[in-house]
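# Structural overview
Single-letter residue listing:
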Amino acid sequence: MTAPSLAKASLSENRVGRMPTLFGRGARTKERTGFLRRLGEGLALPVAALPAAGLLLRVGQEDLLGSVSVIAPAAAVVSAVGGAVLGYLPLLFAVGAVFGLRRDRDPHAAMAAITAYLAISHACLHLNPLPAGRLGTPPSQQPYGALTGILAGILVALLWRRLTARNLPAFAAHAVVLLVALVLGAALGLAFPAVNEGLVWLAKQLTEQAVIGGGLFGVLNRGLLPIGLHQVPNTIMWFVAGECSNGVRGDIPCFLVAHDPSAGSFTTGFYPIALGALPAAALAMWRTALPEQRKRTGQLLGTAALMSFCFGVTEPIELLFAFAAWPLYIAHALLTGTSLALVNALGIKEGFVFSAGALDFGLNFSIATRPLLLLPIAAAYAAIYYVLFKWAILRFNLPTPGRSGACDPATDDSDGAVHRPGPHNPPAEPEKYVPPHTAAATPPPREAQPEHVHTTRSST
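Presented here is an overview of the structure given in this document.

Each value, and the rule that gives it
- Residues numbered from 1 in each chain as written.
- Predicted model: local features only at pLDDT ≥ 70, side-chain atom pairs only at ≥ 80, totals over all residues.
- Heavy atoms only, no water.
- Helix = DSSP H or I, 4+ residues; strand = E, 2+ residues; numbered from the N terminus.
- Buried < 20%, exposed > 50% of the residue type's maximum accessible area, 1.4 Å probe, protein only.
- Areas by Shrake-Rupley, 256 points an atom, 1.4 Å probe, with all protein chains shown as cover.
- Expected span 1.5 Å × (residues − 1).
- Contact = heavy atoms within 4.5 Å.
- Phe/Tyr/Trp six-rings, centres within 6.5 Å; stacked < 30°, edge-to-face > 60°.

Right, let's get into the overall build of the protein chain. In terms of regular secondary structure, the protein chain is built from 18 helices and two strands. Taking all 460 residues of the protein chain together, the buried fraction comes to 44%. For the protein chain, the accessible area works out to roughly 24200 Å², and carbon and sulfur atoms hold 65% of it.

What follows is the structure in structure tokens.
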């Protein structure tokens, strides 16, 4: 067999039994997949703090601990601390993104990510100033929200290695990063009015049809969450669009204040997702994690699932796979839309004060319409999410939490450890291919020759 035929046969053998992926097999697609996986791992760092922050924010509000006059001041402090962590999530994302994309965890790169975020966000904010009544708006609700922090982390991760490789002093590298971040922030700020007007127009169109509009709003809401633009349609649908009795406007105020029986079209469908679907997705990701990473992954996913079920804080779960396993997030956004369309078609109405968790479900049960139907719907969505997530993760080898070793394009050493190239661990040398016609032919070993026995014939 010739060398080309051997190479072709070897290629066909490598294809047999290979785990299929949604990202292709080329070197460039593998590099992009690794980039998204590392970005997702980096964003998981601040996400780990969200459950505790959401818990502090919720328990300190006026309808819980804040309702007790004796401890109301202390409860306000507790709620403010939790709100500060959620409010400054873009800053946490900037540091998490650069740490995920840069394995060396350089503190100078982290500092550059913070300064880049400040440059991007303030450039956008200066070109799009907040009205007088919203001057205290936290960064997560300012133009572009969390997207500014993610872009800052990616920018520094791409620039910092190239800058330090040229032996630039630290102050010069920071100056270059600030200059690029300023240009990027100015471009985003100039584009924001058009982006904002488009989202406002789209949100107003959705209010005209509850079933179709609710479904599209669910897809839009989840689809815009990773880039921080979901607050625009949320504000329009929940607090601006639609007017009920006594001049009350917005889906949430009409439900909670005016007790309008038609309100809740753009909030009810989130209950099956927060109560059943996302906790089941967390369970599927835990079951598909590698055995050696299952304990650590279970702690993270278990806390996030509890926050989703109890308080409706879904971001700790969603951001774990929104970037690293984006096909799952697309499916999640589409299924969220079907949930809102389904509950509106069935005439189920239940709003929320904070989010679509079990706590708000119980607090608003008495003013809701057919709320018990949400429980079997949540169970059905839990089954769909569990089967879909587990199948997709295993079938396409998606890099969800706890599967970093299984999804790395690294080679396995003889002792089973994963070989990761690094400054103190040089990349493994590939095996050399030796064509058969160039190999020296080794003569077969000689067979042992029988000893000659000399016999003398006796003469008679």
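Another point: helix H9 (residues 210–224). Between its first and last C-alpha atoms H9 spans 20 Å; for 15 residues at 1.5 Å apiece the expected length is 21 Å, and the two agree. Listed as buried for H9 are Gly 213, Gly 214, Gly 215, Phe 217, Gly 218, Leu 220, Asn 221, Arg 222 and Leu 224.

Let us now look at the side chain of Thr 400. Along the chain, Thr 400 turns up in the loop between helix H17 (374–396) and helix H18 (404–407). Once you skip the residues sitting within four places of it in the chain, Thr 400 turns out to touch Met 285, Thr 288, Ala 325, Leu 328 and Ile 393.

With the rule as written, the count across this model stands at 13 aromatic pairs. Ring plane angle 85 degrees and centroid distance 6.2 Å describe the contact between Phe 217 and Phe 270, whose orientation is recorded as edge-to-face. Taken together, the residues Phe 217 in helix H9 and Phe 270 in helix H12 (residues 270–287) connect sequence positions 53 residues apart. The exposure class of Phe 270 is buried, given its relative accessible area of 9%. Aromatic side chains Tyr 385 and Phe 389 sit 5.6 Å apart centroid to centroid with 15 degrees between the ring planes, which places their arrangement in the stacked category. With Tyr 385 and Phe 389 both in helix H17 and four residues apart, the pair spans about one turn of that helix.

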